[in-house]
Amino acid sequence: MLKTSENTLDPDDWPSFRKQGHDMLDDMFNYLEQLREQPVWQGLSSEQREIFQQPLSNDPSNLGEVHATFMKTILPYAVGNTHPGFMGWVHGGGTPVGMLADMLAAGLNANVGGRDQAPIELEKQLLQWIKSLFSFPETANGLFVTGTSMANLISVLIARTACLEKSIRKEGLVNSGLQLVAYTSESAHISIAQAMDIAGIGSNALRMIPINENYQMDVAALAKSIGADKKSGLTPFFIAATVGTVDVGAIDPLPAIADLAQLENLWFHVDGAYGALAILAPDLAPRLQGIERADSIAFDFHKWGQVPYDAGFILVRNGEQQLDTFSTPAAYLSRETRGLSAGSPWPCDLGPELSRGFRALKTWFTIKVYGPEKLGQVISNTCALAQYLKQRIELNPQLELLAPVELNIVCFRYRCLSPNFINAEIVIALQESGIVAPSTTTLHGQLAIRAAIVNHRITISDIDALIEATLAFGEVIENTLKSSLSQEKNE
Ligand SMILES: *Cc1c(COP(=O)(O)O)cnc(C)c1O
C-alpha cells in the first residue's frame, strides 16, 4: 500500500517548521548585523575539520540540530568576504536583500533553462537593462552564468564558431586545417587561457601581450604579434581586453584595441569581471569608453555588484552568433507556439547548460531595491577608499606603493630586509589576526600586499586598521627575523 504522506519530503508539522525557519532567518540577520564584532577569518582546528569527515549515516537528523551545527561549525569559518575587513582577491560582500531574494528563488525552485515562464521574462528584462547600460544594439543577446570564467569560455566558443563557420561544431577543430590564435595581456585572468584549453584550441595559442608601466596591454606589441602570426600562416581570431585586471585593477586601452580588432577583423572581447560595472558610476564610466564596441563582455554581478554568489553574465553583440554556437535540436526540448514549450529561443540555446538556477532574481532584487545610482555610488566609494589608502601609504616612509591605483586595488609593501619573505608573513599574520584580510600578488618579482576594496561595508576605519596592523606586524616580524639571523651568526 503506497502511503504518500510518508514519502513526501515536506514537513508534517508546518507550524514548528515555520518557527524553525524564522529562527534560521533571524540567525542570518544577526550574523549580518553583527559582522564587525567577529574576526574576518579564522582557521579551522583539526578537530573542527574532523566534524566533516564523519561517514554517511542513515539516521535522519532534526532540522534544528543540523542548523545548530551549521551555526557552530560552518558559519564562523567561511572566507569572510561579507566582513568589512575583507580585502583579499576580488570578492563581493553580498547584501541582506540579495540573501532574501535567493531564498525566494530557492523556494520557487525555477529551472530557468527554458519553457514559458515569468522567470525567463525577468531574465530578458535584465538583458534589456544590461544592453542599455553598455549601449549594445537591440540584436544583442546574453545569459546569466556562474561567473566570468564561464562567460569567458562562452565568448571564446562563440568567436571560434563565428570565425570557422557552424560546421566546426560537428567537424571539430582538427578538420578545419586552421590554427587559431588569440591575444590577451600578461595581466589577464587565468580563465582566458583556461577557456582556450577547454575549447580545444590550446592555451599555447594564446599570446600574452606585454604590458606598459600602467599594467595595460601594449597595443603596438599586440599589432606586431598579430602581424607575425598571420605571416606564419596562423589564423588570429580573438582579442580579450581586461577592464579591471586582477593584479592592480588596470583598464586596457579599449578604443585602440577596438580599432585594431576592427582593422584585423578579430573578435573583440572584454573581460570586465569586476570592472565592467564601473559603467554604473558616472565618475568612472568615461574610463570604460570603447567597451560599447566590444563583440562580447563578460562580467560578474557577484563582485562589484554585491549580488550574492554566484551571478556572472555574458553579453554578446550579435545574438545570432550566440545561438549558432549553442542551440541544439533535441526531441524532448521541442518548441511550440503555445503551452509550456513556447517562448523559443530559450536560455539553454545560448550556452552549454540546460538546467539553470534563477540567479537573475537576486540580481533583479538588488538592482530594484538599491537602484543603479546607489550601486554606482558604492563602486565609486570603493575607489575613493583606495585613493585614501594610497595617500596613507605615500605619507608613511615605512610603506611603499608598488603599482598605480587605477580603480579600487592597492598594491603596496612594508619596507624592510627580505621584503618578499616578510611581506608574505605580514599578510598571513593579518589574516590570522582576524583584523583585516588582504591577499598577495607579485609585481615585477616583488611580493605585494594587495588590498582589493570591493565590499560595500568597508569604511575609512577599516583602511586605517589595515595600515596600523601592517606596520605593527611588519615591525614584529622584521625584529624576529633580525634576532634569529644574529643568533645564527653568533652560533
Ligand atoms: C574574478 C575574475 C575572473 C573570474 O571570474 P569568476 O566569476 O571568479 O569566474 C575573470 N577575470 C577577471 C579579471 C576577474 O577579476
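Residues numbered from 1 in each chain as written. Predicted model: local features only at pLDDT ≥ 70, side-chain atom pairs only at ≥ 80, totals over all residues. Heavy atoms only, no water.

Let us look at the environment of Gly-474. Relative to the assigned elements, Gly-474 resides in helix H16 (residues 460–490). Among the residues examined, Gly-474 registers a relative accessible area of 0% and is labelled buried. When neighbours within four sequence positions are excluded, Gly-474 is seen to be in contact with Tyr-414 and Ile-426. (Helix = DSSP H or I, 4+ residues; strand = E, 2+ residues; numbered from the N terminus. Buried < 20%, exposed > 50% of the residue type's maximum accessible area, 1.4 Å probe, protein only. Contact = heavy atoms within 4.5 Å.)

This brings us to the domain arrangement of the protein chain. Domains assigned within the protein chain are domain 1 (110–370) and domain 2 (373–490). Centre-to-centre, using C-alpha coordinates, domain 1 lies 33 Å away from domain 2. Between domain 1 and domain 2 the total buried area reaches about 2000 Å² when both faces are included, carbon and sulfur atoms providing 63% of it. In this structure, the connection of domain 1 to domain 2 is made through one salt bridge. Linking Arg-287 and Glu-406 is a salt bridge whose minimum nitrogen-to-oxygen distance equals 3.4 Å. (Domains from an automatic or database assignment. Buried area = accessible area lost by both parts, 1.4 Å probe. Salt bridge = Lys/Arg side-chain N within 4 Å of Asp/Glu carboxyl O.)

What follows concerns the sheet that holds strand S4 (residues 235–242). Spatially, S1-S7-S6-S5-S4-S2-S3 is the arrangement adopted by the seven strands of the open sheet, whose pairing is mixed. Since the sheet does not close on itself, it has two edges, and those belong to strand S1 (141–145) and strand S3 (206–209), each with one partner. In this sheet, adjacent strand axes meet at a mean angle of 20 degrees when their direction is disregarded. Against the sheet, helix H12 (residues 319–326) makes contact with S1, strand S5 (267–271) and strand S7 (312–316), and its axis sits at roughly 55 degrees relative to S1, the strand it touches most. (Pairing = 2+ DSSP bridges. Axes fitted to C-alpha atoms, helices over the stretch in contact; angles between N-to-C directions.)

Core analysis: the biggest nonpolar cluster contains 104 residues, and Phe-134, Ile-291, Ile-297 and Phe-301 have the highest contact counts within it. For this core, the element with the most residues is helix H7 (residues 148–164), which contributes nine residues. No fewer than three residues from each of domain 1 (110–370) and domain 2 (373–490) sit in this core. Beyond its immediate stretch of four places on either side in the chain, Ile-297 contacts Phe-134, Phe-136, His-269, Val-270, Ala-276, Ile-291, Phe-313, Ile-314 and Leu-315. Formed by 28 residues, the second largest nonpolar core is a distinct cluster that contains Leu-385, Leu-466, Ile-467 and Ala-469. (Core = buried A, V, L, I, M, F, W, Y, C linked by side-chain atoms within 4.5 Å.)

Moving on, we come to helix H6 (residues 118–133). For H6, built from 16 residues, the straight-helix expectation of 22 Å at 1.5 Å per residue is met to within 8% by its first-to-last C-alpha distance of 23 Å. Of the residues making up H6, those classed as buried are Pro-119, Ile-120, Leu-122, Glu-123, Leu-126, Leu-127, Ile-130 and Lys-131. Of the surrounding secondary structure, the elements contacted by the buried residues of H6 are helix H5 (96–108), S1, strand S6 (296–300), S7 and helix H13 (359–370). Within two residues after H6, Ser-135 carries a phi angle of roughly 50 degrees, on the positive side. (Expected span 1.5 Å × (residues − 1).)

This paragraph deals with the pattern of salt bridges. Applying the stated criterion across every chain, the model contains 18 salt bridges. The salt bridge involving Asp-300 is made with Lys-303; its shortest N-O contact spans 3.6 Å. For the pair shown, Asp-300 and Lys-303 are each scored as buried. Among the ionic pairs, Arg-392 bridges to Glu-468, the shortest N-O distance being 3.0 Å. In this pair, Arg-392 is assigned in helix H14 (residues 372–395) and Glu-468 in helix H16, connecting sequence segments 76 residues apart. Of the residues examined, Arg-392 reaches a relative accessible area of 23% and is grouped as partly exposed. Accessibility expressed as a relative area gives 42% for Glu-468, which makes it partly exposed.

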